[in-house]
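So you can see what is in the structure, the chains are spelled out below.
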Amino acid sequence: MGQSLVKNFVHIIFSTKNRQPFIKKNYEDELFKYLGGVCKAHDCTPLKVGGYLDHVHILCLLSKHMTIVNLLEEVKTDSSKWMKKRDQELSNFYWQDGYGAFSVNPSQIETVCIYIQNQREHHESRTFQEEYRAFLKKYKVDYDERYVWG
């Protein structure tokens, strides 16, 4: 086989450090666009970016030239610096160290996009921790609660 053909859709989730509610309504749209731009700059096509006060969701088509860990390093580093320049109150803005990354079946892309789009509604009745634990359970990820939230 002479050609490498790859199509990996990834749903990435990560939060602000200590789940600080830094993603205020007046910053969120700009932040989501910026995160999508960083993905695009690394040849990872963003399909939907969204989130709520203390976390973000990114659905993207992962480039065959990029690992998830390298993408997240770029996304977090660039966007953290960018956020700190927005406002004095964001001078202590940081992302948590870890993240979740889950593969998405192409037939579920629209469902995941809608889910990400409706984050504000989801979090009227569910915390980020509850949401994230549900993803870990759905994908049968073994984890130690002591290390998930650092």
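Residues numbered from 1 in each chain as written. Predicted model: local features only at pLDDT ≥ 70, side-chain atom pairs only at ≥ 80, totals over all residues. Heavy atoms only, no water.

**Concerning the overall build of the protein**
No. 1: Regarding its fold elements, the protein presents six helices and four strands.
No. 2: Shown N-terminal to C-terminal, the secondary structure of the protein runs as helices and strands in the order β-α-β-β-α-β-α-α-α-α.
No. 3: Taking 2.2 N^0.38 as the reference for a compact globule, 150 residues should give roughly 15 Å; the C-alpha atoms of the protein span a radius of gyration of 15 Å, in line with that estimate.
No. 4: The dimensions of the protein, computed from C-alpha atoms along their principal axes, are 55 × 35 × 30 Å.
No. 5: Each of the 150 residues in the protein was classed as buried or not, and the buried ones make up 41%. (Helix = DSSP H or I, 4+ residues; strand = E, 2+ residues; numbered from the N terminus. Rg over C-alpha atoms; globule rule 2.2 N^0.38 Å. Buried < 20%, exposed > 50% of the residue type's maximum accessible area, 1.4 Å probe, protein only.)

**Focus on the environment of Ala101**
No. 1: With respect to the helices and strands, the residue Ala101 is situated in strand β4 (residues 100-104).
No. 2: The class for Ala101 is partly exposed, based on a relative accessible area of 30%.
No. 3: C-alpha separation for the pair Ala101 and Glu73, spaced 28 residues apart in sequence, amounts to 13 Å.
No. 4: Contact partners of Ala101, with chain neighbours within four places excluded, come to Val10, His11, Ile12 and Ile68. (Contact = heavy atoms within 4.5 Å.)

**Digging into the side chain of His123**
No. 1: In this structure, His123 sits in the loop between α4 (119-122) and α5 (128-138).
No. 2: Taking relative accessible area as the criterion, His123 reaches 11% and is therefore assigned buried.
No. 3: Within polar-contact distance, the side chain of His123 engages the side chain of Gln119 at 2.9 Å.
No. 4: Other than its neighbours up to four places away in sequence, His123 contacts Tyr52, His55, Phe128 and Glu131. (Polar contact = N/O pair within 3.5 Å; in protein donor to acceptor, adjacent residues only side chain to side chain.)

**What to know about α5**
No. 1: Among the residues of α5, those classed as buried are Phe128, Glu131, Tyr132, Phe135 and Leu136. Looking straight down α5, one finds that the buried residues subtend no more than 140 degrees of arc, so they occupy a single side. Exposed residues pointing more than 90 degrees away from the buried face of α5 are listed as Lys137 and Lys138.
No. 2: If you follow the buried residues of α5, they end up packed against β1 (8-15), β3 (55-62), β4, α3 (109-117), α4 and α6 (145-148).
No. 3: Trailing α5 by a residue or two, Lys140 shows a phi angle of about 55 degrees, which is positive. (Arc of directions from axis to C-beta.)

**Digging into unusual backbone geometry**
No. 1: Despite not being glycine, Asn18 has its phi angle at roughly 55 degrees, a positive value.
No. 2: Tracing the backbone through its elements, the reader meets Asn18 in the loop between β1 and α1 (25-41).
No. 3: We classify Asn18 as partly exposed; its relative accessible area is 48%.
No. 4: With a phi angle near 55 degrees, Lys140 is a residue other than glycine that sits in the positive phi range.
No. 5: On the secondary structure map, Lys140 appears in the loop between α5 and α6.

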